[in-house]
Amino acid sequence: MAVTLQSTRFGPLEIPEDAVLEFPQGLIGLGGSRYTLLARSDDAAFVWLHSLEDPALALPLTNPWRFFDSYEVEIADDEADRLGVDAAGDTAVYVTVRAAEALEDFSANLRAPILVSGGFGHQVINQAPDAPVRAPLFSTSAEKAA
Amino acid sequence: MLIITRKPGEKIMLGDDTVIEVIEVSGSSVRIGIDAPRSLPVYREEIWRSVKEENAAAATAGPDALPSDLPVTK
């Protein structure tokens, strides 16, 4: 049975049951337990993680490897066990995006990726050394263009 | 705030399932062991706070905040 989401951003949306993601611990500091991913197209650079409980709560996400070739996610084995995610399995990795007026002020949070696997989502703390909370999304392309 | 004095090796119980143990005190650093249920995430406070702030900032983006035609690098 589909869930109807009355999004303050996007209006009414029908969300199929199998697109509902359970976040047992919610998002850090934001809570919530049921979210879904919305995209404008299959190859969209950004997707929205939208709460199914709060019509105004949504965060833009992106695939980190689209912008950061050498990005690594490192979590402790017991943490991975706890969450039921598997490095070799089909776990999708997203990072939250902080939007801004100017492209060069966009950033992604590489420290706290969101792992999605088997209908569950978890925001985890990445133990990898080079994982800033605010990594500029477009600085590399700006440098290349310059 | 409840303030308790503990020595290395001594523990504090939070409810029945969460154990905080003072492992070692060395100068101004304290090593702490935490044994918590699987469902209870444990964070260093400064990291938790910065992620919370970043999540809140990300959630302020409007529906048209994202560029649709991207200069994606690959």
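Before any of the text, the structure's been laid out above.
Quick look at the structure, then. Given the structure is predicted, the values throughout are model-derived calculations rather than measurements.

**Digging into the overall build of chain B**
Reasoning step 1: Across its full length, chain B holds one helix and three strands.
Reasoning step 2: Helices and strands in chain B line up, N terminus first, as β-β-β-α.
Reasoning step 3: Taking 11 Å as the expected radius of gyration for a compact globule of 74 residues, we find that chain B reaches 20 Å, considerably beyond that expectation.
Reasoning step 4: For chain B, the C-alpha atoms occupy an extent of roughly 60 × 30 × 25 Å along the three principal directions.
Reasoning step 5: Considering chain B as a whole, with its 74 residues, one finds that 19% of them fall into the buried category.
Reasoning step 6: The long-range share in chain B, meaning contacts at least 24 apart out of those at least 6 apart in sequence, stands at 0%.
Reasoning step 7: If you sum the accessible surface of chain B, you get close to 5,600 Å²; carbon and sulfur atoms cover 52% of it.

**Section: the nonpolar core**
A general trend in soluble globular proteins is that nonpolar side chains are found buried together.
Residues and elements named next belong to chain A.
Reasoning step 1: Counting residues in each nonpolar core, the largest one holds 24 residues, and the members touching the most others are Ile-15, Phe-46, Phe-68, Leu-110 and Leu-137.
Reasoning step 2: Going through the elements one at a time, strand S1 (3–7), strand S5 (46–51) and strand S7 (92–98) are the ones with two or more residues in this core.
Reasoning step 3: Residues in contact with Ile-15, not counting those within four places in the same chain, are Ala-2, Val-3, Leu-5, Val-20, Thr-36, Leu-38 and Leu-52.
Reasoning step 4: Listed in part, the 14 residues of the second largest apolar core include Leu-27, Tyr-35, Val-47 and Tyr-94.

What counts and what doesn't
- Residues numbered from 1 in each chain as written.
- Chains lettered and ligands numbered in written order.
- Predicted model: local features only at pLDDT ≥ 70, side-chain atom pairs only at ≥ 80, totals over all residues.
- Heavy atoms only, no water.
- Helix = DSSP H or I, 4+ residues; strand = E, 2+ residues; numbered from the N terminus.
- Rg over C-alpha atoms; globule rule 2.2 N^0.38 Å.
- Buried < 20%, exposed > 50% of the residue type's maximum accessible area, 1.4 Å probe, protein only.
- Contact = heavy atoms within 4.5 Å.
- Areas by Shrake-Rupley, 256 points an atom, 1.4 Å probe, with all protein chains shown as cover.
- Core = buried A, V, L, I, M, F, W, Y, C linked by side-chain atoms within 4.5 Å.

Such coordinate-based values are descriptive only and should not be taken to indicate function.
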